[in-house]
Amino acid sequence: MKDHEGDPMRLDVKLAQMFPTISRNRWQRFISEGVVSVNGCPTTDKDRKLIITDSDKIILLDKNIVKNVDNEVGLLEPIKLDLDIIYEDEYLMVVNKPRGLVVHPGAGTSEPTLANGILYHCGDNLSDLGGNDRPGIVHRIDKDTSGLLMIAKTNSIHEALKKQLSNHSISRVYIALVHGKFNEKTGYIDYPIMRDHKNRIKKIALDRNKQQYLLKCRNENVSSITEYSNFIKSVGAREAYTSYEVMSSFKDFSLLRCRLKTGRTHQIRVHMASIGHPIVGDPLYGLKKTPWREDGQMLHAALLGFIHPIREEFLEFSVSPPEDFQAKISKIINRSK
């Protein structure tokens, strides 16, 4: 993409002008996901309102996004769904998403989504910061991951909750069943996560070996936190932090409680696979030969805590894993005997 011309403006505005079929809200999401590069550095969530000038150079790191967005569904249709609403007031909702339900429409999605059901339940009383296809959606979890999600009913509430996510002040705990046993009861993973350029739907974790390899290839020496952070950004990665605690151990499996500090796409799935303990049933990062692949990954968003933007009180909600999750654990226990 050639250098742009004109007066200084926000990056999302410029991209929306270049590609009018994609809204500014959508470009902001793409910017935060690192799909766009400015002057050779992939963007981050902090660049959603970045001001660019005539000397800046913009590059799309994934040139398929324009085509994929053009193929997505149009105006979202309200559809009545049996929503499991854990909490609701005039400002926000907390819902328990079942496994198998997509959060919002996307390329290749034809079945009803959680967004369709929320739109039916709330009508126009939803934030539109995420665009027409994501009314009220503040954050998301994978289709085959069950558990808790926040829904914003106004734009100001949406912005306040997104700020808490950016500040890492929201409590998010997941229950995960993984392959293998652990020598220690607790652990911490801090490998940065980046897009897998060989497979656009996958992410990869930069473990210590990968980081050293990239540093050597680029002939760089990192001696400070700032230099390290700049290096991570320069290769298109984003810092990610997951702590875990072993709840139970079986013959060849472990049940974990994973706590997120950051919330990168596929973070727990990628991190657990990177240390040799992929999530049971994970079709993307899991073991290829296992009798447990057919039902999707065993991952459940069990706890969600945040400060209510209006009432300024800390709210915390928890839900147990769904019955099919617990049934699979029972099968594994019986096989382990």
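Procedures and definitions
- Residues numbered from 1 in each chain as written.
- Predicted model: local features only at pLDDT ≥ 70, side-chain atom pairs only at ≥ 80, totals over all residues.
- Heavy atoms only, no water.
- Helix = DSSP H or I, 4+ residues; strand = E, 2+ residues; numbered from the N terminus.
- Buried < 20%, exposed > 50% of the residue type's maximum accessible area, 1.4 Å probe, protein only.
- Pairing = 2+ DSSP bridges.
- Contact = heavy atoms within 4.5 Å.
- Axes fitted to C-alpha atoms, helices over the stretch in contact; angles between N-to-C directions.
- Phe/Tyr/Trp six-rings, centres within 6.5 Å; stacked < 30°, edge-to-face > 60°.
- Lys NZ or Arg CZ within 6 Å of the ring centre and 35° of its normal.
- Core = buried A, V, L, I, M, F, W, Y, C linked by side-chain atoms within 4.5 Å.
- Salt bridge = Lys/Arg side-chain N within 4 Å of Asp/Glu carboxyl O.
- pLDDT = per-residue confidence, 0-100.
- Parallel < 35°, antiparallel > 145°, perpendicular 65-115°, else oblique.
- Nonpolar A, V, L, I, M, F, W, Y, C, P; charged D, E, K, R; others polar.

Draft legend 1. Seen up close, unusual backbone geometry. A positive phi angle, near 60°, is found at H168, a position not held by glycine. With respect to the helices, strands and loops of the structure, H168 is situated in the loop between helix 5 (155–166) and strand 9 (171–179). Relative accessible area serves as the criterion here: at 36%, H168 is assigned to the partly exposed category. One non-glycine residue, H266, adopts positive backbone phi at about 60°. For H266, the position within the fold is in the loop between strand 15 (253–260) and helix 8 (267–274).

Draft legend 2. Region of interest: the sheet that holds strand 3 (residues 41–42). Strand order in the open sheet formed by 3 strands is 3-2-5, and the pairing between neighbours is antiparallel. Only two strands of the sheet have a single partner each, and these edge strands are strand 3 and strand 5 (58–60). Judged from the 3 bridges that link them, strand 2 (residues 36–38) and strand 5 form a sheet pairing that is antiparallel. Looking at the pairing, V38 lines up with I58 of strand 5. Strands in contact with helix 1 (residues 11–18) are strand 2 and strand 5; relative to strand 5, the strand with the most contacts, it is inclined by about 60°.

Draft legend 3. Looking closely at the packing of aromatic side chains. All told, the structure shown has 6 aromatic pairs when counted by the stated rule. Between W27 and F30, the aromatic rings sit 5.6 Å apart at their centres with planes inclined by 75°, giving edge-to-face as the arrangement. With W27 and F30 both in helix 2 (residues 24–32) and 3 residues apart, this pair spans about one turn of that helix. Per residue, the accessibility class of W27 equals that of F30, and both read buried. Each member of the aromatic cluster is reached from another via a ring pair, and the members are F19, W27 and F30. Between K261 and the ring centre of Y241, over which it is positioned, the NZ or CZ distance is 4.9 Å.

Draft legend 4. Broad picture of the nonpolar core. Core analysis: the biggest nonpolar cluster contains 49 residues, and L114, L177, L256, I268, M272 and I279 have the highest contact counts within it. Excluding anything up to four places from it in sequence, I268 contacts Y174, T242, C258, L260, I279 and L299. The next biggest cluster of nonpolar side chains, apart from the first, holds 16 residues, and it includes I157, F306, F317 and V319.

Draft legend 5. Representation of the pattern of salt bridges within the structure. This structure, assessed with the given rule, holds 10 salt bridges. A salt bridge links R208 to D190; its shortest N-O distance comes to 2.7 Å. Of this pair, R208 sits in helix 6 (residues 208–218) while D190 sits in the loop between strand 10 (186–189) and strand 11 (193–195), and the two are 18 residues apart along the sequence. Overall, the relative accessible area of 42% leaves R208 in the partly exposed class. According to the relative accessible area criterion, D190 is partly exposed, its value standing at 26%. Among the salt bridges present, the one from D207 reaches K210, with a minimum N-O distance of 3.6 Å. The class for D207 is buried, based on a relative accessible area of 16%. Relative accessible area serves as the criterion here: at 37%, K210 is assigned to the partly exposed category.

Draft legend 6. Region of interest: the confidence of the model for the chain. With 91% of its residues at a pLDDT of 70 or more, the chain shows a mean pLDDT of 86. Confidence over residues 1–5 falls short of pLDDT 50; this stretch has 16 contacts with residues more than four positions distant or in other chains.

Draft legend 7. Inspection of the packing of helix 6 against helix 7 (residues 225–234) at higher detail. Relative to each other, helix 6 and helix 7 sit at 85°, their axes nearing to 12 Å. The angle between helix 6 and helix 7 places the two elements in the roughly perpendicular class. Here helix 6 contributes Q211, L214, L215 and R218 to the contact with helix 7, which in turn contributes Y228, F231 and S234. Its residues assigned to classes, the contact of helix 6 with helix 7 comprises 4 nonpolar, 2 polar and 1 charged.

Draft legend 8. Broad picture of the sheet that holds strand 13 (residues 237–238). Pairing in this open sheet of 3 strands is antiparallel, and the strands run 12-11-13 from one edge to the other. Looking at the sheet topology across the chains shown, the edges are occupied by strand 12 (203–205) and strand 13. The sheet contact formed by strand 11 and strand 13 spans 2 bridges and is antiparallel. Within strand 13, the position partnered with M194 by the bridge is A237.

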